[in-house]
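As a plain string of letters, each chain reads:
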Amino acid sequence: MEKGKTIKAPGQSVFVTNGFASQAAIDKKWTVLHEMTHFVGPRDGTGIQIDDHAYASDGKFLSLTKFQKLHNAETISLFMLEACEGTTKTVASNDLAAHKAHFDTFPKVSPSGDIVTS
Ligand SMILES: [Zn+2]
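A brief report on the enclosed structure follows.

Rules and cut-offs
Residues numbered from 1 in each chain as written. Predicted model: local features only at pLDDT ≥ 70, side-chain atom pairs only at ≥ 80, totals over all residues. Helix = DSSP H or I, 4+ residues; strand = E, 2+ residues; numbered from the N terminus. Buried ≥ 20, exposed ≤ 12 C-beta atoms within 10 Å, placed from the backbone. Contact = placed C-beta atoms within 7 Å. Axes fitted to C-alpha atoms, helices over the stretch in contact; angles between N-to-C directions. Parallel < 35°, antiparallel > 145°, perpendicular 65-115°, else oblique. Left-handed = near helix turned anticlockwise from the far one by under 90°. Nonpolar A, V, L, I, M, F, W, Y, C, P; charged D, E, K, R; others polar. Expected span 1.5 Å × (residues − 1). Core = buried A, V, L, I, M, F, W, Y, C linked by C-beta atoms within 7 Å.

**Side note on the overall build of the chain**
Working step 1: Helix and strand counts for the chain come out as five helices and two strands.
Working step 2: For the chain, the α and β elements follow one another from N to C terminus as α-α-α-α-α-β-β.
Working step 3: Out of the 118 residues in the chain, the part that is buried amounts to 18%.
Working step 4: For the chain, the proportion of contacts with a sequence separation of at least 24, taken over those separated by at least 6, is 36%.

**Some points on the environment of Ile50**
Working step 1: Mapping Ile50 onto the fold places it in the loop between α1 (25-37) and α2 (66-70).
Working step 2: For Ile50, a count of 22 C-beta atoms within 10 Å gives the class buried.
Working step 3: For the pair Ile50 and Ser63, spaced 13 residues apart in the sequence, the C-alpha separation amounts to 17 Å.
Working step 4: When sequence neighbours within four positions are dropped, the list of residues in contact with Ile50 reads Thr37, His38, Val40, Gly41, His71, Ala73 and Ile76.

**Quick word on the environment of Val40**
Working step 1: Within the secondary structure, Val40 is located in the loop between α1 and α2.
Working step 2: Taking the C-beta count within 10 Å as the criterion, Val40 has 10 such neighbours and is therefore assigned exposed.

**With respect to the environment of Glu74**
Working step 1: Positionally, Glu74 belongs in helix α3 (residues 73-85).
Working step 2: Judged by local crowding, Glu74 falls into the buried class, with 24 C-beta atoms found within 10 Å.
Working step 3: A C-alpha to C-alpha distance of 13 Å links Glu74 and Ser63, two positions 11 residues apart in sequence.
Working step 4: Those residues in contact with Glu74 that sit more than four places away from it in its chain are His34, Asp52, Ala54, Tyr55 and Ala56.

**Some points on the packing of α1 against α3**
Working step 1: Running from amino to carboxyl end, α1 crosses α3 at an angle of 130°, the nearest separation of the two axes being 8 Å. On the basis of the axis angle, α1 is oblique to α3. Considering only the axes of α1 and α3, their crossing is right-handed. Residues Ile26, Lys29, Trp30, Leu33, His34 and Thr37 of α1 touch α3, and the partners they reach there are Ala73, Glu74, Ile76, Ser77, Leu78, Met80, Leu81 and Glu85.
Working step 2: Looking at the contact of α1 with α3 residue by residue, the classes come out as eight nonpolar, three polar and three charged.

**Regarding α1**
Working step 1: The end-to-end C-alpha separation of α1 is 19 Å, in line with the 18 Å expected for 13 residues at 1.5 Å each.
Working step 2: Buried residues along α1 sit in contact with α3.

**Observations regarding α3**
Working step 1: Spanning 13 residues, α3 covers 18 Å between terminal C-alpha atoms, matching the ideal 18 Å at 1.5 Å per step.
Working step 2: All of the buried residues along α3 are Ala73, Glu74, Thr75, Ile76, Ser77, Leu78, Leu81, Glu82 and Glu85.
Working step 3: The positive-phi residue at the C-terminal boundary of α3 is Gly86, with phi of around 90°.

**Things to note about the nonpolar core**
Working step 1: Membership of the largest hydrophobic core is limited to six residues, which are Trp30, Ala56, Phe61, Leu78, Leu81 and Leu96.
Working step 2: Leave out the neighbours within four places in its chain, and Leu78 touches Trp30 and Ala56.

Nothing here speaks to function; it is all geometry.
Next up, the structure:
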């Protein structure tokens, strides 16, 4: 790629808005992880691709079906973020504030990556 030249490669590019720059560091990580999930698994149109069934900010985020949760970019990226950053930092994201009680009912990931069940 020529330095400084913008190219569009459909299906192989991620575009972020100006809002990305003002996101907290952990939300930037979550955004990148979210977008990367769209690059794995079956292709669009197969019915089993990683899709956007609901974002964390959507009221229906916690009530997706099991299939939707397993194929939802937001859910998968959140799982990866929590495994890498720990539960406390992850749940502190503004997008998850409304779901704090939900996450309090599950085992936690410590900052060092251990799974804590009590
Ligand atoms: Zn998405």
